[in-house]
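# Commentary on secondary and tertiary structure
Listed below are the residues making up each chain.
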Amino acid sequence: MNSKPSWQVGLALVLCAIAMATMPMLANEAVAPMSSGTTTLVIALIALPAVASFAMFSGLASAAVLFIGAHGAAWLLIANISGNEGMARMPFFLLLAAAWLLAWRCVALLSAIRPLSKQVRTFLRLLIPAIFGAWILIIWEAVTRGAGVPFILLPPPSAIAARIGNSLPILAADVRQTIFKAVLFGYFVGCASGFVVAILADRVPFLRRGLLPIGNMVSALPIIGVAPIMVIWFGFEWQSKAAVVIIMTFFPMLVNTVAGLTASGHMERDLMRTYASNYWQTLFKLRLPAAAPFIFNALKINSTLALIGAIVAEFFGTPIVGMGFRISTEIGRMNVDMVWAEIAVAALAGSVFYGVVALIERATTFWHPSVRGGRA
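Below or above, wherever it landed, is the structure these notes cover. The structure displayed is predicted, hence computed values, not measured ones.

### With respect to unusual backbone geometry
Between Met23 and the following residue, Pro24, the backbone shows a cis peptide bond with an omega angle of 10°. With respect to the helices and strands, Pro24 occurs in the loop between helix 1 (7-21) and helix 2 (36-52). Backbone geometry places Met334, a non-glycine residue, at a positive phi of 65°. Secondary-structure assignment places Met334 in the loop between helix 13 (323-332) and helix 14 (336-364). Owing to a relative accessible area of 54%, Met334 belongs among the exposed residues under this scheme.

### What about the nonpolar core?
Membership of the largest hydrophobic core comes to 43 residues, with the highest contact counts inside it found for Ile46, Leu95, Leu102, Leu110 and Trp135. Contributing elements (two or more residues each) for this core: helix 1, helix 2, helix 3 (59-81), helix 4 (90-112) and helix 5 (118-146). Considering every element that reaches this core, the biggest residue donor is helix 4, with 13 residues. In this structure, Trp135 is in contact with Ala70, His71, Ala74, Leu96, Ala99, Trp100 and Ala103, ignoring residues within four places of it in sequence. By size, the runner-up hydrophobic cluster in this structure holds 31 residues, among which are Val183, Phe296, Leu299 and Phe353.

### Looking at the environment of Met34
Along the chain, Met34 turns up in the loop between helix 1 and helix 2. For the pair Met34 and Ile81, spaced 47 residues apart in sequence, the C-alpha to C-alpha distance is 8.3 Å. Apart from residues no more than four positions distant in its own chain, Met34 is found in contact with Met25, Leu26, Thr39 and Asn80.

### Quick word on the side chain of Asn256
As for its position among the elements, Asn256 is in helix 10 (residues 238-260). At 2.7 Å, the side chain of Asn256 forms a polar contact with the backbone oxygen of Pro252. Setting aside residues up to four positions removed in sequence, Asn256 forms contacts with Phe294, Asn297 and Ala298.

### Here we look at a nonpolar patch on the surface
Residues Trp7, Leu11, Val14, Ile18, Met90, Trp100, Trp104, Ile139 and Val143 make up a contiguous nonpolar surface patch of about 790 Å² in total accessible area. Counting residues per element, the ones that place at least two in the nonpolar patch are helix 1, helix 4 and helix 5. The element that contributes the greatest number of residues to the nonpolar patch is helix 1, accounting for four residues. One can find Leu11 in helix 1.

Here is what the cut-offs are and how they apply
- Residues numbered from 1 in each chain as written.
- Predicted model: local features only at pLDDT ≥ 70, side-chain atom pairs only at ≥ 80, totals over all residues.
- Heavy atoms only, no water.
- Helix = DSSP H or I, 4+ residues; strand = E, 2+ residues; numbered from the N terminus.
- Buried < 20%, exposed > 50% of the residue type's maximum accessible area, 1.4 Å probe, protein only.
- Core = buried A, V, L, I, M, F, W, Y, C linked by side-chain atoms within 4.5 Å.
- Contact = heavy atoms within 4.5 Å.
- Polar contact = N/O pair within 3.5 Å; in protein donor to acceptor, adjacent residues only side chain to side chain.
- Patch = residues over 30% accessible without salt bridge, like charges linked within 9 Å, V, L, I, M, F, W, Y side chains within 5 Å.
- Areas by Shrake-Rupley, 256 points an atom, 1.4 Å probe, with all protein chains shown as cover.
- Salt bridge = Lys/Arg side-chain N within 4 Å of Asp/Glu carboxyl O.

Here it is, written out as structure tokens:
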């Protein structure tokens, strides 16, 4: 596979040329001006890999060169803007955009690679989103520091990371209260009860016709209206938050399972009847396996709904611990970095939760065309 010229690389070179013509990168009032050697190195880390990528390298070699250039330039830009917040001029942002374009081209080349090894495929599936996510943080850090965005509006990722490192005991207590008590209990009870009721609704047509419209109505209820009622009913401890989670996860599981139970074809069900299979044999051997993708879809949806429900419910009454309590309290104190730290931990926990469910789905429904197609 050969690398071909791309518009990202061409535009990066144009931005480099404009930046060189409009130097310096920092304002004259900067406390620690960027040296000419550092400026030259940043431009070289962008321009040389960009030019080299036009050569007849393999796609992997071009991606490696672009990766080193883009991230090396970004690291130098961020390192030199520290202490000079708000002093960046147009060349700084032009070079940042040029480095981002090289990273974009790097990801495009990596996405086009079709390796034969399973280990390499797995590595690329992890590397590509990692580069994408890293550049969200890089641009966030560089823009907030370079443009001097007020800390109260948007703190840089480095400040959020420092706050996380300095508040691990508090964050651990909040995670234990919100996730390991309210979320997990409510998630399992809500999903399990929704699944059982879906089986009953499939068995009893009266329940199916009566519950599904109610399920659609309850799914539209605003959580900010339900949460205070649950706090009144079940108290200020984690049980009231678990009740909110149960309500939020019950009906998605019910609706998806009922829909999944109709996924098996008429020919397959007729075949089961010719084998003299009763309802339960047909259910376990045909209909539930066919409904597995629908059930796991509900489990994945509920993995995020459960976390959102528990955090929002804690805004309306909770002990002095919990992620929702911490967010509402710290925003009142203008401790924005702590609020973002809680958001980051919640996002990480939700992603891990979703990923675990997705891995279980792939291991359980490996036979399904959607899973086999994704592995091809």
